[in-house]
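# Geometric and topological summary
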Amino acid sequence: MKKDKQVTSYALAVHGGAGTIKPGNPEVEAAYHAALQAAVLAGEQVLQAGGSALQAVTASVQSLEDCPLFNAGHGAVFNANAEHELDASIMDGQTLKAGAVAGMRTLRNPVLGALAVMKDERCVLVGVHGEAALAAQHALEQVEQSYFSTEARREQLRTVQAHAGNRAVLDHDALTVSKSDSRFGTVGAVALDQSGNLAAATSTGGMTNKMPGRIGDTPVVGAGVYANNASCAVSATGTGEQFLRACLAHDIHARMVYAGSPLDAAAAQALSETVAPLGGVGGLVAIDRDGNVSMPYNSKGMYRAWVREGQSIQSAIFADVQTAGSP
Ligand code: ASP
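Figured I'd write up the structure that's included with this text.

Quick notes on the rules
Residues numbered from 1 in each chain as written. Predicted model: local features only at pLDDT ≥ 70, side-chain atom pairs only at ≥ 80, totals over all residues. Heavy atoms only, no water. Near = heavy atom within 4 Å. Polar contact = N/O pair within 3.5 Å; in protein donor to acceptor, adjacent residues only side chain to side chain. Areas by Shrake-Rupley, 256 points an atom, 1.4 Å probe, with all protein chains shown as cover. 1 Å grid on protein atoms, 1.4 Å probe; cavity = no way out; pocket = protein on both sides within 12 Å on 5 of 7 lines; lining within 4 Å. Sits in = over half its atoms within 2 Å of the grid points. Nonpolar A, V, L, I, M, F, W, Y, C, P; charged D, E, K, R; others polar. Buried < 20%, exposed > 50% of the residue type's maximum accessible area, 1.4 Å probe, protein only. Helix = DSSP H or I, 4+ residues; strand = E, 2+ residues; numbered from the N terminus. Pairing = 2+ DSSP bridges. Core = buried A, V, L, I, M, F, W, Y, C linked by side-chain atoms within 4.5 Å. Contact = heavy atoms within 4.5 Å. Points joined across faces, edges and corners; volume = space filled by probe spheres on them.

Turning our attention to the site of the ligand. In the vicinity of the ligand, the contacting residues are L170, D171, T186, T204, G206, M207, R214, D217, T218, T237, G238 and G240. T237 places a polar side-chain atom, nitrogen or oxygen, 2.7 Å from an oxygen atom of the ligand. Contact distances for the ligand include 3.1 Å between an oxygen atom and a backbone N or O atom of G240. Taken by itself the ligand offers 270 Å² of open surface, and the protein chains cover 100% of this. More than half of the atoms belonging to the ligand lie within 2 Å of the grid points that define the largest cavity. Counted by class, the shell around the ligand contains 2 nonpolar, 7 polar and 3 charged residues.

Let's shift gears to the pairing of strand β2 (residues 86–92). Within β2, 7 of the 7 residues are buried, which leaves it mostly tucked inside the rest of the structure. Judged by which residues are buried, β2 turns out to be covered on both faces: L86, A88, I90 and D92 on one side and D87, S89 and M91 on the other are all buried. With 5 bridges connecting them, β2 and strand β3 (residues 98–104) associate as antiparallel partners. In the sheet register, I90 faces β3, and the bridge partner there is G99. Here β2 folds back onto β3, and the loop between the two strands holds 5 residues, one of which, L96, carries a positive phi near 60°. Across 6 bridges, β2 lies against strand β6 (residues 198–204) in antiparallel orientation.

Take the nonpolar core next. Judged by nonpolar contacts, the single largest core of 50 residues is most densely connected at L12, V14, F70 and I90. Once residues within four sequence positions are removed from consideration, V14 is found in contact with L36, V40, S60, L64, G188, A189, V285, Y303, R304 and A305. Membership of the second largest hydrophobic core comes to 37 residues, among which are M91, A233, A236 and A246.

Our focus in this paragraph is empty space enclosed by the protein. Applying the stated criterion across every chain yields a total of 1 cavity of 30 Å³ or more. One number sums up the size of the largest cavity: a volume of about 70 Å³. In terms of lining, the largest cavity is formed by 14 residues, of which the most central are T186, T204, D217, T218 and G238. Looking at which element gives the most residues to the lining of the largest cavity, the answer is strand β8 (residues 232–238), with 3 residues. Within the lining of the largest cavity, the residues separate by chemical class into 3 nonpolar, 8 polar and 3 charged.

Purely spatial values, then, with no claim about function.
Structure follows, in C-alpha cells:
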C-alpha cells in the first residue's frame, strides 16, 4: 500500500479477484499479468484521450469480462444447477448515479447492462426478469449460456460439489478443494480522470456452486461498488455475503468523509474492522481524487494492476510487483 500522497492527473486500478491463490506455474501467472495489464491499458487509453473515469472503468471491466481467465462474462463460474448468473454494477462519483444488473443469463457484457441501467435512470438495479427488455431497449448483445462456459469452470463445479456439498465457494478458494491449477476471479476497476472525477465498476459470475438466484455484493451499491468525488471510488472482491453485511465500499467512503481518514487507512481498516470480523475474505481496489491507489486484501493474494499518468502499468498477484514491458 502506498504511504505517500500522490497527485496525478489520471490514475486507474483493476482487480481480477482475491482468494486462496497458490504461487504456481510461471507461465500461467504471466498470462494473468498480461491480461490485467491489457485491461489497465484499455482504460488508460480512454483517460489519456480525455475520456471520463466512467468510460475508462467500463473499458477495463469489459476487457476482463471478455477474458476467460476471470470469473466474469466469458469464463464465469457455475451455480449449483451448472448455470451462469451474472452480476455487475457501475457508479459515477461526480453525479452519484449508479446502475446494476443481477442474475443476468444472456448479457454478453454485464457491465454494459449496468451502464445502460445507469443511463436509463428509471431505476438503479435490474433483475433477470428485466434482462430481455433492457437488452432490446439499449441494443445490448445477448448470447447463449454456453458462451460463458469453460471446461475449467465445469471441472471446478464438479470438484466443489464432490467435496463441499451445497456450500458456495469463492472462485479462488475452489482451488483449495480442486486439484485444478486454473485460477479465476471477479473483476473490477476504479479510475480518476483528467477532470478530477471518480468512477468504479465491478462484474462477477458470483461464487462456484452458489444457490440459484443468489445475488452477492457485486451489484449492490455501497457493498461491492461505490464512487463519490467527495472521497473515493471502490470495487470489491471476496465472500459476497460478508461484504454485503459490512457495506464495505460505503464504509471506506464514510471513514474518509466522517473521520477524515486518508484512503489507505480507510480501506485497510474497513477490511480488517468490518469484513474480517464477519469472517469475510477478499480485497478491494480504491482510488481517491489525488490519484492515490489502495489495494488491500486479507486473502493469500489478489490479482491487481494499476497505472498513474506518466508511469508504467504495474501488476501483482502476491507482494511482488511486475512492470509492463519488463522481462
Ligand atoms: N464477491 C463476489 C460474490 O460474492 C465473488 C468474488 O468476488 O469472487 O458474488
